[in-house]
Amino acid sequence: MAKQHIVVLTGAGISAESGLKTFRDNDGLWENYNVYEVATPEAYSKDRELVLRFYNQRRAQLTEVKPNAGHLALQKLEDKFKVSIITQNIDDLHERAGSSDIHHLHGELVKVQSTRNPNLVEHWGYHPVEIGDKAPDGSQWRPHVVWFGEPVPGISKAAKICQTADHLLVVGTSLAVYPAAGLVHEIAPGVNVTVVDPGEMEDSPIRGANHIRKSAASALPELIEKWLDRGMV
Ligand code: BV8
């Protein structure tokens, strides 16, 4: 029998217990910085140094954190299921947990892209990007991150993946940002959704989901243990 296909949509909440700030929790990123001062193309053209510094700080933080039990449980899920991870996170914690099929909707902190050509992308690692670090086309390297107001190149591929899901697992996202949040409507009729999030999710677009109101690191190991024991969701 073909393996069931579980699609996992993750957001900042899955990395919270690794020590990375979420966007909306009280001391989240938005408070420390006005998002429109650091995560838009306008911000970058207005103050490149500020934007590069903001992402240099977050990239450096990756060397101080590691995947948590939630990330590791998702890797374990691959023992008996086909698993596709669609993440809004720009950290590399799913990679470091060993997941094998990861789609970063909003880019990756460890990569850079040409300011002139978004398709010119290279692996950068954890060190800072400074003014003067140039792409082969001569333009300044910028973070390979999708800013507000920029198109999400991977969205149609992600929608196709969701259409083939036998189950959708949503972990740690407020589903506030589009078009990513719209992926929850791409699953086929009758496909069930499980949400892992300690928050209320009151204005989330998912109705009738099985909502486990616990943190990722506490809920995922036991949920995935149950699925693996049963061999099915
Ligand atoms: C686009 C990378 C069009 C950057 C990100 C009005 C004005 C301007 C724009 C818009 C507008 N209205 C709508 C838009 C579109 C806009 C948008 O949706 N804005 C929102 C704010 C309304 N979207 C865009 O601009 C997108 N592009 O639309 O382009 C276009 C098309 C063609 C041509 C040209 C243009 C691009 C959006 C991408 C932005 N980049 N990230 C960076 O990281 O610096 S978004 C960023 O925030 C994340 O990637 C993520 O997607 C998003 C939301 O964050 P979450 O991951 O959900 O985290 P959050 O803190 O919100 O929630 C945490 C959750 O975890 C909570 O539910 C919490 O309860 C839970 N939690 C907490 N602890 C735990 C936990 N769960 C489990 N365990 C725990 N321990």
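Residues numbered from 1 in each chain as written. Predicted model: local features only at pLDDT ≥ 70, side-chain atom pairs only at ≥ 80, totals over all residues. Heavy atoms only, no water.

### Remarks on the environment of Gly 138
Turning to step 1, where the next piece is worked out: Examined against the element boundaries, Gly 138 turns out to sit in the loop between strand 5 (121-123) and strand 6 (141-145).
Turning to step 2, where the next piece is worked out: Each C-alpha atom, one on Gly 138 and one on Thr 115, is 9.3 Å from the other, the two residues being 23 residues apart in sequence. (Helix = DSSP H or I, 4+ residues; strand = E, 2+ residues; numbered from the N terminus.)

### As for the site of the ligand
Turning to step 1, where the next piece is worked out: Taken together, 33 residues surround the ligand, and among them Arg 24, Arg 58, Gln 88, Ser 174 and Asp 197 come closest.
Turning to step 2, where the next piece is worked out: Here an oxygen atom of the ligand sits 2.8 Å away from a polar atom, N or O, in the side chain of His 106.
Turning to step 3, where the next piece is worked out: Interatomic distance of 2.6 Å between a side-chain N/O atom of Asp 197 and an oxygen atom of the ligand.
Turning to step 4, where the next piece is worked out: Against a free-state accessible area of 1,500 Å², the protein chains account for coverage of 74% of the ligand.
Turning to step 5, where the next piece is worked out: If you list the elements that add at least two residues to the shell around the ligand, you get helix 1 (13-16) and helix 5 (48-61).
Turning to step 6, where the next piece is worked out: Residues belonging to the shell around the ligand are distributed by class as follows: 16 nonpolar, eleven polar and six charged.
Turning to step 7, where the next piece is worked out: Composition of the shell around the ligand by domain shows at least three residues from each of domain 1 (1-20 + 67-106 + 151-233) and domain 2 (21-64 + 118-145). (Near = heavy atom within 4 Å. Polar contact = N/O pair within 3.5 Å; in protein donor to acceptor, adjacent residues only side chain to side chain. Areas by Shrake-Rupley, 256 points an atom, 1.4 Å probe, with all protein chains shown as cover. Nonpolar A, V, L, I, M, F, W, Y, C, P; charged D, E, K, R; others polar. Domains from an automatic or database assignment.)

### As for the domain arrangement of the chain
Turning to step 1, where the next piece is worked out: According to the domain assignment, the chain consists of domain 1 (1-20 + 67-106 + 151-233) and domain 2 (21-64 + 118-145).
Turning to step 2, where the next piece is worked out: Between the C-alpha centres of domain 1 and domain 2 the distance comes to 25 Å.
Turning to step 3, where the next piece is worked out: On the domain 2 side, the residues contacting the 13 residues of domain 1 number eleven residues.
Turning to step 4, where the next piece is worked out: Between domain 1 and domain 2, the buried area comes to about 920 Å², and carbon and sulfur atoms account for 60% of it.
Turning to step 5, where the next piece is worked out: Broken down residue by residue, the surface that domain 1 buries against domain 2 is led by Ala 12, Leu 20 and Ile 90, which jointly contribute 49%.
Turning to step 6, where the next piece is worked out: On the surface where domain 1 and domain 2 come into contact, there are zero salt bridges.
Turning to step 7, where the next piece is worked out: Where domain 1 touches domain 2, the interface holds two residue pairs in polar contact (both at pLDDT 80 or more).
Turning to step 8, where the next piece is worked out: Each residue belonging to the side of domain 1 that touches domain 2 can be placed in one class, and the counts come to six nonpolar, four polar and three charged. (Contact = heavy atoms within 4.5 Å. Buried area = accessible area lost by both parts, 1.4 Å probe. Salt bridge = Lys/Arg side-chain N within 4 Å of Asp/Glu carboxyl O.)

### A closer look at the packing of aromatic side chains
A ring pair, where both rings are aromatic, is described by two values, the distance of the centres and the angle of the planes.
Turning to step 1, where the next piece is worked out: Tallying each qualifying case throughout the model produces five aromatic pairs.
Turning to step 2, where the next piece is worked out: Between Tyr 36 and Phe 148, the aromatic rings sit 5.8 Å apart at their centres with planes inclined by 55 degrees, giving tilted as the arrangement. Highlighted residues: Tyr 36 in helix 3 (residues 35-38) and Phe 148 in the loop between strand 6 and helix 8 (155-163), separated in sequence by 112 residues.
Turning to step 3, where the next piece is worked out: A relative accessible area of 56% places Tyr 36 in the exposed class. (Phe/Tyr/Trp six-rings, centres within 6.5 Å; stacked < 30°, edge-to-face > 60°. Buried < 20%, exposed > 50% of the residue type's maximum accessible area, 1.4 Å probe, protein only.)

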